[in-house]
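Residues per chain, in single letters:
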Amino acid sequence: MGLSFYMMRYRITGIQKLQNQLFTDISVGLENGGLALLARKYGAICDRYLRMSRTVAWHELTVASRAALLNIEGWLHWLQGKDHRFVQLQRIFESQRVVLSPRFRKLPILLKIRPGEKLYHSIKLVGHFILVEISLLTFEWNVQYFEALARLLFQKLSRRKIPREILHQFYALQEEELSRSPRMAATVGSDPRLERLFDELNHAYFNGKLPKPRIKWSARVGRRQLGYYDQVKHEIGINPLLRHPEVPWYVLENVVYHEMLHIYYPPYIKNGRRVQHDRKFRALERQYVHFEKARRWIKHHFPQHLKRGWID
Ligand SMILES: [Zn+2]
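Since this is a predicted model, take the numbers as computed values, not measurements.

A. Expanded view of the environment of Tyr171. Within the secondary structure, Tyr171 is located in helix α7 (residues 164-180). Along the chain, Tyr171 and Leu149 lie 22 residues apart, while their C-alpha atoms are 9.4 Å from each other.

B. Fine view of the environment of Gln96. As for its position among the elements, Gln96 is in the loop between α4 (85-95) and α5 (102-105). Dropping the residues within four chain positions of it, Gln96 is found in contact with Glu147, Ala150, Arg151 and Phe154.

C. Just the confidence of the model for the protein chain, in detail. Predicted confidence across the protein chain gives a mean pLDDT of 72, with 64% of residues reaching 70 or more. Note that residues 1-62 has pLDDT below 50 and, in this model, 76 contacts with residues that lie over four places away or in other chains.

D. Expanded view of the sheet that holds strand β4 (residues 122-126). Read from one edge of the open sheet, three strands run β3-β5-β4, paired in mixed fashion. Every other strand in the sheet has two partners, leaving β3 (109-114) and β4 as the edge strands with one partner each. Each strand of the sheet is rotated relative to its neighbour by a mean of 25°, with strand direction disregarded. The strands touched by α4 within the sheet are β3 and β5 (129-135), with β3 carrying the most contacts at an inclination of about 135°.

E. Spatial organisation of the packing of helix α9 (residues 192-206) against helix α10 (residues 249-264). Relative to each other, α9 and α10 sit at 65°, their axes nearing to 10 Å. Crossing handedness for the pair α9 and α10: right-handed. Between α9, through Leu197, Phe198, Leu201, Tyr205 and Phe206, and α10, the contact on the second element is made entirely by Glu253, Val256, Tyr257, Met260 and Tyr264. Residues belonging to the contact of α9 with α10 are distributed by class as follows: nine nonpolar, no polar and one charged.

Thresholds, definitions, all that
Residues numbered from 1 in each chain as written. Predicted model: local features only at pLDDT ≥ 70, side-chain atom pairs only at ≥ 80, totals over all residues. Helix = DSSP H or I, 4+ residues; strand = E, 2+ residues; numbered from the N terminus. Contact = placed C-beta atoms within 7 Å. pLDDT = per-residue confidence, 0-100. Pairing = 2+ DSSP bridges. Axes fitted to C-alpha atoms, helices over the stretch in contact; angles between N-to-C directions. Left-handed = near helix turned anticlockwise from the far one by under 90°. Nonpolar A, V, L, I, M, F, W, Y, C, P; charged D, E, K, R; others polar.

Right, here's the structure in full:
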């Protein structure tokens, strides 16, 4: 093919949607001549990856990788086709880079798709690059979602406090996308099981007097958070991770009970701060019969579930 690759390392993950070829990671080491040639030929995207070069010898590649390499030229064309999602994403992130603080503004952005089922994105500095990892799960979501994501991640990288509007907009778009996806619908949204649980706890602990909120599984819940009560919407959201069969029933009960307490014992303002979990709240919390057991389980097992991601 006229290019002298002598060392190269990359990985292609098979995904049917993308004709069984999804670019996840490429880092290439080339002779200088080859680098220049390739960069000229395939432009900025290629150039960016080439500069990230980390090298692995030819003989270290798997047979499949070697075979795929022989088709690298066609593959690079495919990769930078005008409508290719990857190129689109790159453009979106470039267009949002103005929010970056000056010290990061000039750095090249490297996008990587994180395979797997985790709804988790990240951003970090790697050498002189900004590495953005995007969850494969969201790969085909709306452009607006990625614009919001880019703003959010860039604020994060700049270590700025993320403005409320940016957060809200992002989560709203995320929920919208989640509700559209049939695969996610099974883990996010309303569920008679949660409704029943609310009724039972209401009966057992609150004389059935607590006004019933909307209650649902929600991916809006922060990664480390188990649930929330939104006073404005009168809505309880529960982390969908707690739906996993390995999570004991009393853990889920405990979390729902905790959020119910926020309805029963609303937060108040003291010295300009919002107080939610004061001593009285903590005492009420202990009235749940399996409180200690549930707490212990959460402490020891929940972090492992977190590693597996939100949706299981
Ligand atoms: Zn709470």
